[in-house]
Amino acid sequence: MMNRCYLFFISVLFTSVVYGQQLRPASSATIYHEIAQLRNLTNVLYVAAHPDDENTRLLAWLVNEQHVRTGYLSLTRGDGGQNLLGKEQGAALGLIRTHELIEARRLDGAEQFFSRAVDFGFSKNYEETFKHWPRDVLTGDAVRAIRRFRPDVVICRFPPDSNAGHGQHAASAIIAADAFKAAGDRTKYPEQLKMYAAWQPTRLLFNSFRFGSRNTTTEDQFKLPVGQFVPELGMGVGELAGQSRSIHKSQGAGTPSVPGVQTEYFALTDGTPFTNSLFEGIDITWGRVNRADIDADLKKIQEQFSFQRPDASIPALIAVRKKIAAVKDDYWREQKLHETDLTILHCAGVMAELYTKQPEAVRGETLPFTLRLIARGGTPVTLTAARWQKNDTSMSLKLAGDNLYSIDRNFTIPSDAAVTQPYWLSKAGTTNALYYMPDDEMAGLPETPAALFITLTIDVAGTPFSMQVPLSYKRLDPVKGDVTEQLRIVPDATVELSNDVFVAGADGSVQAAVRVHAYTDISGKYLSIMTDVLSKPVFELQGLTLKKGTDTLIPFKVAAAKELAGKDFHLIAMLNVPNSATLHIIQYDHLPTLQYCSDPMARVLAPTWKCNVKKIGYVEGAGDKVPDVLRQAGLDVEILKDADFSSVANLAKYDAIITGIRAVNAEKRMTAWLPMLLEYARNGGTLVMQYNTAHGLSTEHLGPYPFTLSRDRVTEEDAEVRFINAEHKLLNAPNKIGNDGFKDWVQERGLYFTQKWDKRYATIFSMNDTGEQPLEGSTLYTKTGKGHYIYTALSFSRQLPAGNKGAIKLLMNMLSIGK
């Protein structure tokens, strides 16, 4: 049965909400867990460096078996890693991995926090890491997380030394240790004290591990059995942990769900020693605030809880709530009131959602929305008030009998609403190693809190409760069913240059295009294209008028100019529409639709390279932008599909073929394709293979002669590169490669080098990180039949999108080796 009420409201509240989530009824098992957690007055904070570093088995055990509030502080958002799903790199990949962590926490029940650190890629020791990361700033971020979350126990995933296996891993342990000491000191980071009191955790632990051949566990460490079966979950926490970790799909981190009890190991790093429990010597009951009577009441509620009638617990919970409201300790009073209120609403079976049927809106736009409410328990529930922006409306709508009530009205987006994007990308960081971090309650949160919402006041058994329900977008997907996402606020119009990288003519001229999308009607607007060299626009368009929903591609030419000839420069698109920017939308099945903005800018390169080939075939791998740059450089690049491998003869039309990064890992058809590619090379073609990883290869036979892959890499992007044979054609034709060819590389030299190879391969380069032995496995070359084969672990996939011309020259030589 549906009851539809028509009420008139003027506008909606617009402010910052930390926990503005749609309220959904919880299962009885979830409510039972919430009551059990109400009895525990303690928190645990887990600290590591990246998404997927966290020990999901331990997090799941703490939350679901011990009923302890637990958080994970990841110093980075994983933006320096590799993307197995698509082409997103850098901040865009960090946004994907942020939301993979959010989804993982939805499963295991822990909470998620971040520092402002940019993941600059793999590093081999913490000294290298702290050349990039400002240690004091990130320690301050960790201190803020501790003061905010107030953990009694802080647990590190990694040790502060080479056993961590990654410089950023070791750095996370060092930062955690620094923060452990500083968090309780009021003289450290005093600017935080306006929001959070100083807090000293009781102990800092290292959660040791066995990863492959690396074993940091010892028999004298504290041993903790975890993985126990939890009847409310219907599985053991190890099985839940496998599901949680498998959400990290952009990393290919699918993990088995392992039943049964397993042992976790811990070593004390700082703080109070212990022998029997992680919480030894800590009163984690209501006794810590001198209210053992509250624990007795909650114990009785837990023992008498009815899985068939959770609403039967409401009177007792409301009575306990009155006692909690009188607790003198500010932190525990507010935290437990929040938890109790949510539990009572769950017991009452309250559902509240506020949605519209369009995915985005502009500021000032009015659109229809629906507020739907239901209470599924037997306890009387009444909606007594709704607050929309600055307007309160009193009412008396009884929610009873499991009946759905729906209120339809129009919603006007405030004229000062912010465009939807992650807060950490909304402004530039203070250095290229840091993202933006606001100095408010948003700092360290995984995402920007909901800002468009309605505040409802409901009465449950005579007690008023207030809840904030965000405005959402809801659609019916033919495969997934109902899909609910955040309503995205977009600029009136967006502007985007057609490429990230352009190649100019010798005279500085550029053929390009700019795409303008109107999200509302625009009229008489001015579009211009500027450079960072000339003071005047290189292109102008007056009186641009577009209807809502129009997407138009406007070609333009940058005329030849002596000031531009032979120079690298930038193109900047400007449209006189407020907040106009390039809008990026990311969509994957396991995540909500993600949105962020960037400046409408592109790099223009002066061509300083030569290439002796024209037609290139490209086998896509895990996702990269190399083909886009090669096309801009004048090559005819075709993405190879299954039909192209119907015969080797089909491949003969290509002057050279390149395989994308991790193609043999990501493309399972390479089992059939690679033998044909090798035959293409023997017949006179040139095959260039970019790096793969040894794990998960679709075939072990990567080249015409044997070689093996390793995890060796050179992470120092400025490491010296030595030429083993300076006369080799790869270094001389058609482009002369000298030391300047490796200038200004980004993130790394290369990764997953070859380790052992047949003597018929020639090695080209020798390189190493500081203090390490030289590595010669970055690039292998051999003649094969009438053609040529090159395997390279150099990171072209990062250098070409960054516009590095030395890397472009080297790749052009590889493609031209047969001409």
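Residue numbers restart at each chain and count upward from 1, following the sequence in its written direction. In view of the model being predicted, local features appear only for residues whose pLDDT reaches at least 70, and side-chain atom pairs are presented and counted only at 80 or more, with totals across whole chains, interfaces and linings using the full set of residues. Computation of side-chain values covers all heavy atoms of the structure but excludes hydrogens and water.

Novice: Just give me the short version of the side chain of threonine 659, but keep the residues and values in it.
Specialist: Within the secondary structure layout, threonine 659 lies in strand S36 (residues 656-659). Partly exposed describes any residue whose relative accessible area lies between the buried limit of under 20% and the exposed limit of over 50%, with all areas from a 1.4 Å probe on protein chains only and scaled to the type maximum. Residue classification places threonine 659 among the buried positions, given a relative accessible area of 0%. We call two residues in contact whenever any of their non-hydrogen atoms come within 4.5 Å of each other. Ignoring anything within four residues of it in the chain, the contact list for threonine 659 reads Val619, Met670, Leu677, Leu687, Val688, Met689 and Gln690. What counts as a helix is a DSSP run of H or I of at least four residues, what counts as a strand is a run of E of at least two, and both are numbered from the N terminus.

Novice: Run through the sheet that holds strand S30 (residues 569-575), naming residues and quoting values.
Specialist: The pairing criterion for strands is at least two bridges between them, as found by DSSP. Taken in spatial order, the five strands line up as S25-S33-S30-S27-S28 in an open sheet, and their pairing is mixed. Looking at strand neighbours, the two that pair on one side only are strand S25 (501-503) and strand S28 (539-546), the edges of this open sheet. In this sheet, adjacent strand axes meet at a mean angle of 25 degrees when their direction is disregarded. In this sheet, S30 lies alongside strand S27 (residues 522-531) in antiparallel orientation, the contact comprising five bridges. Each bridged residue has a counterpart across the sheet, and for serine 528 the counterpart in S30 is methionine 574. Axes, fitted as lines to C-alpha atoms, cover a helix only where it is in contact. Angles between the N-to-C directions of the axes lie from 0 to 180 degrees.

Novice: Please set out the sheet that holds strand S24 (residues 493-497) residue by residue, giving values where relevant.
Specialist: Here we have three strands laid out as an open sheet, ordered S24-S26-S29, and antiparallel in their pairing. The sheet is open, and its two edges are formed by S24 and strand S29 (551-558), each paired on a single side. Neighbouring strand axes in the sheet, compared pairwise and without regard to direction, differ in orientation by 20 degrees on average. Pairing of S24 with strand S26 (residues 510-518) involves five bridges; the strand directions are antiparallel. When the bridges of S26 are listed, valine 495 appears paired with valine 516.

Novice: If you had to explain the packing of helix H1 (residues 28-38) against helix H8 (residues 292-303) to someone new, which residues and values would you point to?
Specialist: Where H1 meets H8, the axes come as close as 9 Å, and the angle between the chain directions of the two elements is 160 degrees. As summarised for this structure, H1 and H8 are arranged roughly antiparallel, according to the angle between their axes. H1 and H8 meet at a crossing whose hand is left-handed. In this structure, H1 uses Tyr32, Ile35, Ala36 and Leu38 to contact H8, whose residues at the interface are Leu298, Ile301 and Gln302. Geometric relationships in this document are graded by angle, where less than 35 degrees denotes roughly parallel, more than 145 denotes roughly antiparallel, 65 to 115 denotes roughly perpendicular, and other angles denote oblique. The hand of a helix crossing depends on one turn: near helix anticlockwise from the far one by less than a right angle means left-handed, and clockwise means right-handed.

Novice: Talk me through the pattern of salt bridges; I want residue IDs and the actual numbers.
Specialist: Whenever a carboxyl oxygen of Asp or Glu lies within 4 Å of a side-chain nitrogen of Lys or Arg, that contact is scored as a salt bridge. Across all of its chains, the model carries 47 salt bridges by this definition. Here arginine 24 and glutamate 353 are joined by a salt bridge, their closest N and O atoms 2.9 Å apart. Highlighted residues: arginine 24 in the loop between strand S2 (13-14) and H1 and glutamate 353 in strand S14 (residues 350-356), separated in sequence by 329 residues. The class of arginine 24 is partly exposed, set by a relative accessible area of 35%. Residue class for glutamate 353 comes out buried when judged on its relative accessible area of 0%. Linking arginine 515 and aspartate 551 is a salt bridge whose minimum nitrogen-to-oxygen distance equals 2.7 Å. Here arginine 515 is found in strand S26, whereas its partner aspartate 551 is found in strand S29, with 36 residues between them in sequence. The class for arginine 515 is partly exposed, based on a relative accessible area of 36%. Sharing partners across several salt bridges, the network here consists of Arg24, Glu353, Arg372, Lys474 and Asp482.

Novice: Tell me what's going on with the packing of helix H9 (residues 314-324) against helix H10 (residues 330-347), and back it up with residues and numbers.
Specialist: Running from N to C, H9 and H10 point in directions that differ by 165 degrees, and their axes come no closer than 10 Å. The orientation of H9 with respect to H10, classified from their angle, is roughly antiparallel. Taken as a pair, H9 and H10 cross one another with a handedness that is left-handed. On H10, the residues that touch Ile314, Leu317, Ile318, Arg321 and Ile324 of H9 are Arg333, Lys336, Leu337, Thr340, Asp341, Thr343, Ile344 and Cys347. Asp, Glu, Lys and Arg are counted as charged, while Ala, Val, Leu, Ile, Met, Phe, Trp, Tyr, Cys and Pro are counted as nonpolar; the rest, among them Gly, fall into the polar class. Of the residues contributing to the contact of H9 with H10, the split by class is seven nonpolar, two polar and four charged.

Novice: Tell me what's going on with the environment of alanine 29, and back it up with residues and numbers.
Specialist: Looking at the secondary structure, you find alanine 29 in helix H1. Between the alpha carbons of alanine 29 and glutamate 232 there is a distance of 5.1 Å; along the sequence they are 203 residues apart. Those residues in contact with alanine 29 that sit more than four places away from it in its chain are Glu232 and Phe307.

Novice: Run through the packing of aromatic side chains, naming residues and quoting values.
Specialist: The aromatic pairing rule takes the rings of Phe, Tyr and Trp, using the six-membered ring of Trp, and pairs them if the centres are within 6.5 Å, calling planes under 30 degrees apart stacked, those over 60 edge-to-face and the rest tilted. The final tally for this structure, using the stated rule, is 27 aromatic pairs. When the centroid spacing of 6.0 Å and the interplanar angle of 75 degrees are considered together, the rings of phenylalanine 158 and phenylalanine 209 count as edge-to-face. In this pair, phenylalanine 158 sits in the loop between strand S6 (153-156) and helix H6 (167-182) while phenylalanine 209 sits in the loop between strand S7 (203-208) and strand S8 (210-211), placing the two residues 51 residues apart along the sequence. With relative accessibility at 3%, the residue phenylalanine 158 sits in the buried group. Overall, the relative accessible area of 3% leaves phenylalanine 209 in the buried class. Each ring, one from phenylalanine 222 and one from phenylalanine 274, has its centre 5.0 Å from the other, and the planes form 65 degrees; the classification is edge-to-face. Linking phenylalanine 222 in strand S10 (residues 222-226) with phenylalanine 274 in the loop between strand S13 (262-271) and H8, this pair joins segments that are 52 residues apart in sequence. Each member of the pair, phenylalanine 222 as well as phenylalanine 274, is classed as buried. Within the aromatic cluster, the residues linked to one another by ring pairs are Tyr705, Phe707, Tyr761, Tyr789 and Tyr791. Remark: a charge is flagged as sitting over a ring if the NZ atom of Lys or the CZ atom of Arg is within 6 Å of the ring centre and within 35 degrees of the ring normal. The ring centre of phenylalanine 122 lies 4.2 Å from the NZ or CZ of arginine 713, which sits over that ring.

Novice: Tell me about the side chain of serine 528, and name the residues and values.
Specialist: Tracing the sequence through the fold places serine 528 in strand S27. Leaving out residues up to four positions away in the same chain, serine 528 has contacts with Pro537, Phe539, Glu540, Ile572, Ala573 and Met574.

Novice: Can you tell me about H8, naming the residues and giving the values?
Specialist: One less than the number of residues in a helix, times 1.5 Å, gives the span that helix is expected to have. The end-to-end C-alpha distance of H8, which contains 12 residues, comes to 17 Å, matching closely the 16 Å that a straight helix rising 1.5 Å per residue would cover. Within H8, the full set of buried residues consists of Ile294, Asp295, Leu298, Ile301 and Gln302. Down the axis of H8, the sector holding all buried residues measures 120 degrees, keeping them to one side. Facing away from the buried surface of H8 by more than 90 degrees, the exposed residues are Ala292 and Glu303. The elements touched by buried residues of H8 are H1 and H9. Throughout, the arc means that of the directions going from the helix axis to the C-beta atoms.

Novice: Before we move on, could you go through the pairing of strand S17 (residues 381-388) and cite the residues and values that matter?
Specialist: Every other side chain in a regular strand lies on the same face of the sheet, so the side chains alternate between the two faces. Most of S17 is tucked away, with six of its eight residues classed as buried. Looking at chain direction, S17 and strand S18 (residues 391-399) are connected through seven bridges and run antiparallel. If you follow alanine 386 over to S18, its bridge partner there is threonine 393. Where S17 folds back onto S18 in an antiparallel hairpin, the turn is made up of two residues, including glutamine 389, whose phi is positive at roughly 55 degrees. Of the pairings in the sheet, the one linking S17 to strand S20 (residues 452-460) comprises six bridges and is antiparallel in character. Bridging across to S20, leucine 383 finds its partner in isoleucine 458.

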